[in-house]
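Okay, here's what each chain looks like letter by letter:
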Amino acid sequence: MTAPQTHTLETPGAVLAYDVRPGSSAAEPPLLLIGSPMAASGFASLAARFPDRTVVTYDPRGAERSRRTDGAAESTPEEHADDLSRLIDALDAGPVDAFASSGGAVNALVLAVRHPEQVRTLVAHEPPLVPLLPDRGPASAAVRHVHDTYVRAGYGAGMAEFIRLVLHSGPVTEDYVRQPGPDPAAFGLPADDDGSRDDVLLAQNLLTCTGYEHDVEALRRASTRILPAVGIGSAGQLAHRGGLALAERLGTAPVEFPGDHGSFLDTGYGPPPDVDAVAARLREVLAGDRDTVAAGS
């Protein structure tokens with residue numbers, strides 16, 4: 001794969017950085033790899049597994065190279081979806097295929113409702129759709145608890161609560177928020193509070209992302225082929241359950257991927273262990289029809 005070509009795009013309230021890796025063939029449309037707040041750097045290894053396709057990655061507003069220009073403290077899925085739409089327009093090569101994970105999947109689902117003509121196939125991998133869960137009340141309270149801990153005690157304490165929640169297996173109960181807080185050091189996080197309260201995850205996106213209520217009927221009507229997906233290694237976790245809930249609401253079987261919620265992402269701790277298997281499965285999913293990919297054949 002050729003080296004990525006970096007561009008910037010001015011959108012209302014932000015200047016976005018995005019990377020285009022030209023492929024060796026134009027037979028397929030561009031492939032967008034979308035996270036939130038995970039930026040383009042998290043998808044480098046996965047992008048490299050598609051040398052035949054033009055692959056586009058970007059930094060969501062407020063993340064890494066993309067800066068907000070409006071001074072807002074939070075970003076919404078609607079804003080992210082508008083950014084994605086403008087990015088696809090800038091590519092002048094739509095409709096695109098998209099693999100969107102976690103908060104990126106939440107944002108891409110909004111894009112599919114607002115601009116279905118821009119996305120041919122959307123693989124929505126483990127969107128944390130708290131409003132679709134049967135335990136939505138306690139789960140929403142747990143997310144709010146993460147945010148409130150961050151506001152009260154800073155990054156280390158807030159991120160420790162976040163990690164505990166995303167790794168929690170099974171429904172969230174009413175007493176979840178009454179348990180003692182985890183030790184940040186157990187996760188390699190700082191115990192001291194540096195005073196900052198502008199973290200791209202905990203401050204800017206956590207509440208707006210997990211609390212977003214999608215128009216499920218509009219998703220059903222969209223011309224985009226929407227494929228809810230889950231990792232086999234994250235069964236029972238909140239984002240995995242969000243993917244299952246979305247599939248149930250859309251009346252389709254969830255597509256299973258190797259690995260867990262993020263085992264295909266670059267994190268700075270060595271090569272992602274499941275990136276080859278996830279890339280192979282993604283190729284299969286994008287090439288197949290809805291019934292074939294759901295069956296895993």
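This structure is a prediction, so every number in the text was calculated from the model and none was measured. (Residues numbered from 1 in each chain as written. Predicted model: local features only at pLDDT ≥ 70, side-chain atom pairs only at ≥ 80, totals over all residues. Heavy atoms only, no water.)

(A) Summary view of the pairing of strand β4 (residues 55–59). Among the five residues that make up β4, five are buried, leaving the element largely enclosed by the rest of the structure. The two faces of β4 match: V55, T57 and D59 on one face and V56 and Y58 on the other face are all buried. With five bridges joining them, strand β2 (residues 14–21) and β4 adopt antiparallel strand pairing. Note that in β4 the partner of D19 across the bridge is T57. Summarising the sheet, strand β3 (residues 31–34) and β4 pair through three bridges and their orientation is parallel. Looking at β4, one finds that L32 is bridged to V56. (Buried < 20%, exposed > 50% of the residue type's maximum accessible area, 1.4 Å probe, protein only. Helix = DSSP H or I, 4+ residues; strand = E, 2+ residues; numbered from the N terminus. Pairing = 2+ DSSP bridges.)

(B) Region of the structure containing the environment of V200. Here V200 lies in the loop between α5 (155–167) and α6 (206–210). When the C-alpha atoms of V200 and P254 are compared, they prove to be 29 Å apart, with 54 residues separating the residues in sequence. Ignoring sequence-local partners within four residues, the contact set of V200 consists of P37, G62, A63 and N205. (Contact = heavy atoms within 4.5 Å.)

(C) Focus on the pattern of salt bridges. Tallying each qualifying case throughout the model produces 17 salt bridges. The salt bridge partner of R61 is D83, with a shortest N-O separation of 2.7 Å. Remark: D83 occurs in helix α2 (residues 77–91) and R61 occurs in the loop between β4 and β5 (67–68); sequence separation between them is 22 residues. Neither R61 nor D83 differs from the other in exposure class; each is buried. Here R68 ties to D70 by a salt bridge, and the two come within 2.6 Å at their closest N and O atoms. Through salt bridges with shared partners, one network takes in R61, R68, D70, E79 and D83. (Salt bridge = Lys/Arg side-chain N within 4 Å of Asp/Glu carboxyl O.)

(D) Examining the side chain of H145 more closely. Note that H145 resides in helix α4 (residues 136–153). Of the polar contacts made by the side chain of H145, one reaches the side chain of E161; its length is 3.3 Å. Leave out the neighbours within four places in its chain, and H145 touches E161 and V177. (Polar contact = N/O pair within 3.5 Å; in protein donor to acceptor, adjacent residues only side chain to side chain.)

(E) Examining the packing of α4 against α5 more closely. Two elements in contact, α4 and α5, have axes separated by 7 Å at closest approach and are oriented at 165°. In terms of orientation, α4 and α5 fall into the roughly antiparallel class. Crossing hand, α4 versus α5: right-handed. For the pair α4 and α5, the contacting residues are A142, V143, H145, V146, T149, Y150 and A153 in the first and Y155, A157, G158, E161, F162 and L165 in the second. (Axes fitted to C-alpha atoms, helices over the stretch in contact; angles between N-to-C directions. Parallel < 35°, antiparallel > 145°, perpendicular 65-115°, else oblique. Left-handed = near helix turned anticlockwise from the far one by under 90°.)

(F) Quick peek at unusual backbone geometry. The omega torsion of the bond from S36 to P37 falls at 0°, within 30 degrees of zero and hence cis. Within the element layout of this structure, P37 appears in the loop between β3 and α1 (44–48). For the bond from G94 to P95, the omega torsion is 0°, close enough to zero to count as cis. Here P95 lies in the loop between α2 and β6 (96–101). Look at E64: it is not a glycine, yet its phi comes out positive at around 45°. For E64, the location among the structural elements is in the loop between β4 and β5. The exposure class assigned to E64 is exposed, which follows from its relative accessible area of 55%. Positioned with a positive phi, S102 is a non-glycine residue whose angle comes to about 55°.

(G) Molecular detail of the layout of surface pockets. Here the largest pocket is characterised by a volume of approximately 1400 Å³. Considering the residues around the largest pocket, the lining is formed by 42 residues, among which M38, F162, V166, L201 and H261 are closest to the centre. For the lining of the largest pocket, the elements supplying multiple residues, two or more each, are α5, α6 and α8 (238–250). Considering each element in turn, the lining of the largest pocket owes the most residues, seven residues, to α5. Looking at the lining of the largest pocket, its residues break down into 24 nonpolar, 14 polar and four charged. (1 Å grid on protein atoms, 1.4 Å probe; cavity = no way out; pocket = protein on both sides within 12 Å on 5 of 7 lines; lining within 4 Å. Points joined across faces, edges and corners; volume = space filled by probe spheres on them. Nonpolar A, V, L, I, M, F, W, Y, C, P; charged D, E, K, R; others polar.)

(H) Representation of the pairing of strand β7 (residues 119–125). In terms of burial, β7 is largely enclosed, as six of its seven residues are buried. When β6 meets β7, the two strands line up parallel, connected through six bridges. From the neighbouring strand, D97 faces β7, where its bridge partner is T121. Tracing the backbone out of β6, into helix α3 (residues 103–114) and back to the parallel element β7 gives a crossover that is right-handed. (Right-handed = clockwise from strand over helix to strand, strands pointing away.)

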